[in-house]
Amino acid sequence: MTDRPDPTVERRAPHADPPRHAAGLRAALRTTPRRALRTALWTVIVVCGLAYAGSLAVPLWFQANGQRLLIVTSGSMAGSEQGGFDAGDAVVMRRIDDPSQLRVGQVATFWPAGSDQLVTHRIIALRNLPVMQQDLATGKMVQTVDPTTGEALTRPYIFTKGDANIDPDPDATPLSQVRGIILHVYPRWGWVLDWAGSAQGRAAMLAPPLAALATLEVLSLVDDRRARREAGELRPSARELHDDALLLG
């Protein structure tokens, strides 16, 4: 009887799989900064989007209610009197169609004679003045009369003055030149509306959310590629690894 040598058994240490909690920790450490970045980007999009929408909606809301927002550019109405305002404020104007809607003490917006810029001053007097026309024979200004009744024709005028001005406005303004009366004053709104309507304001409200949307799209593409790579569907190239390093830091 011969002894047979025992078969050689090769013993190898099993491959140690990485602990699941370690993989989960790495994933959490990787996703936490990304989640914070996404939250910050969406905050920029929402805040800037609401600011831009508000800059468009506020004037439209007043127009829909038969009113108009005006930006005050001078301090001629500054003072303590009720209804006064200063440069940089915004005022709400309502259109008028009849002289009966005007009262002494109201603040009216009108086109002064020979001017292309609206003026908003307080009404200090309301008067009917005669309608004058030039006599072709003499070249002088004469009062116009109604050809039917022979009565002198008159037209309603307002006399105005800025609260901060010492003297009244030099010219009376016919009712046809009056655009409306002031209902409300919003301090400092004018600066905001003026900035929001400028090219710089539009850029400041639109450029950040557009950049944030582009960044979110890039992050989404990178995350999708990484998920497919980890699932074994995609083998990363050297170029892709380099791009990921640049995008993700």
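The written sequence of each chain sets the order in which its residues are numbered from 1. Since the coordinates come from a predicted model, pLDDT governs what is reported: local features require at least 70, and pairs of side-chain atoms require 80 or more to be given and counted, while whole-chain, interface and lining totals use all residues. Hydrogen atoms and water are omitted, and side-chain values are computed over all heavy atoms in the structure.

Draft legend 1. Spotlight on the nonpolar core. Joining through side-chain atoms within 4.5 Å is the link that ties buried Ala, Val, Leu, Ile, Met, Phe, Trp, Tyr and Cys residues into a set, and such a set is a nonpolar core. Type-normalised accessible area, obtained with a 1.4 Å probe on protein chains alone, sets the label of each residue: buried when under 20%, exposed when over 50%, and partly exposed for intermediate values. Membership of the largest hydrophobic core is limited to 9 residues, which are I96, L102, A108, F110, I123, I158, L175, V178 and I181. Each helix is a run of DSSP H or I of at least 4 residues and each strand a run of E of at least 2, with the numbering of both proceeding from the N terminus. Secondary structure elements with two or more residues in this core: β3 (107–110) and β9 (178–186). Setting aside its immediate chain neighbours within four residues, A108 contacts V119, T120, H121, I123, I158, V178, G180 and I181. In this structure, V72, F85, V91 and V107 belong to the second largest nonpolar core, which totals 8 residues. Residues count as neighbours in contact if any of their non-hydrogen atoms are within 4.5 Å of one another.

Draft legend 2. Quick peek at the packing of aromatic side chains. Between the rings of Phe, Tyr and Trp (Trp by its six-membered ring), a pair exists once the centres lie within 6.5 Å; its type follows the angle of the planes, with under 30 degrees stacked, over 60 edge-to-face, and the other angles tilted. Tallied over the full model, the rule gives 3 aromatic pairs. Where W61 meets F62, the ring centres are 5.1 Å apart and the plane angle is 90°; that geometry is what we call edge-to-face. Given the relative accessible area of 53%, W61 is considered exposed. Here the aromatic residues W61, F62, Y186 and W189 are joined through ring pairs into a cluster of three or more. Positioned above the aromatic ring of F159 is the side chain of R127, whose terminal nitrogen or guanidinium carbon lies 4.7 Å from the ring centre. Whether a charge lies above a ring is judged from NZ of Lys or CZ of Arg, which has to be within 6 Å of the ring centre and within 35 degrees of the ring normal.

Draft legend 3. Quick look at the sheet that holds strand β2 (residues 90–94). Overall, antiparallel pairing links the 7 strands, which are arranged β1-β2-β9-β3-β4-β7-β8 in an open sheet. Taken across any chain shown, the strands that pair with only one partner, and hence form the sheet edges, are β1 (67–71) and β8 (173–174). Strands qualify as paired when DSSP identifies two bridges or more between them. Looking at chain direction, strand β7 (residues 154–161) and β8 are connected through 2 bridges and run antiparallel. From the neighbouring strand, I158 faces β8, where its bridge partner is T173. Comment: axis = line fitted to C-alpha atoms, over the contacting stretch for helices; angle = value between 0 and 180 degrees taken between N-to-C directions. Packed on one face of the sheet, helix α2 (residues 189–197) meets β1, β2 and β9 and runs near 90° to β1.

Draft legend 4. Main features of the confidence of the model for the chain. The predictor attaches a confidence to each residue, called pLDDT, with possible values from 0 through 100. Per-residue confidence for the chain averages 82 on the pLDDT scale, and 80% of its residues sit at or above 70. β3 holds the highest mean pLDDT among the elements of the chain, 95, whereas helix α4 (residues 238–248) holds the lowest, 59.

Draft legend 5. Highlighting unusual backbone geometry. Phi angles above zero are rare outside glycine, and R188 is one such case at about 70°. Considering the arrangement of structural elements, one finds R188 in the loop between β9 and α2.

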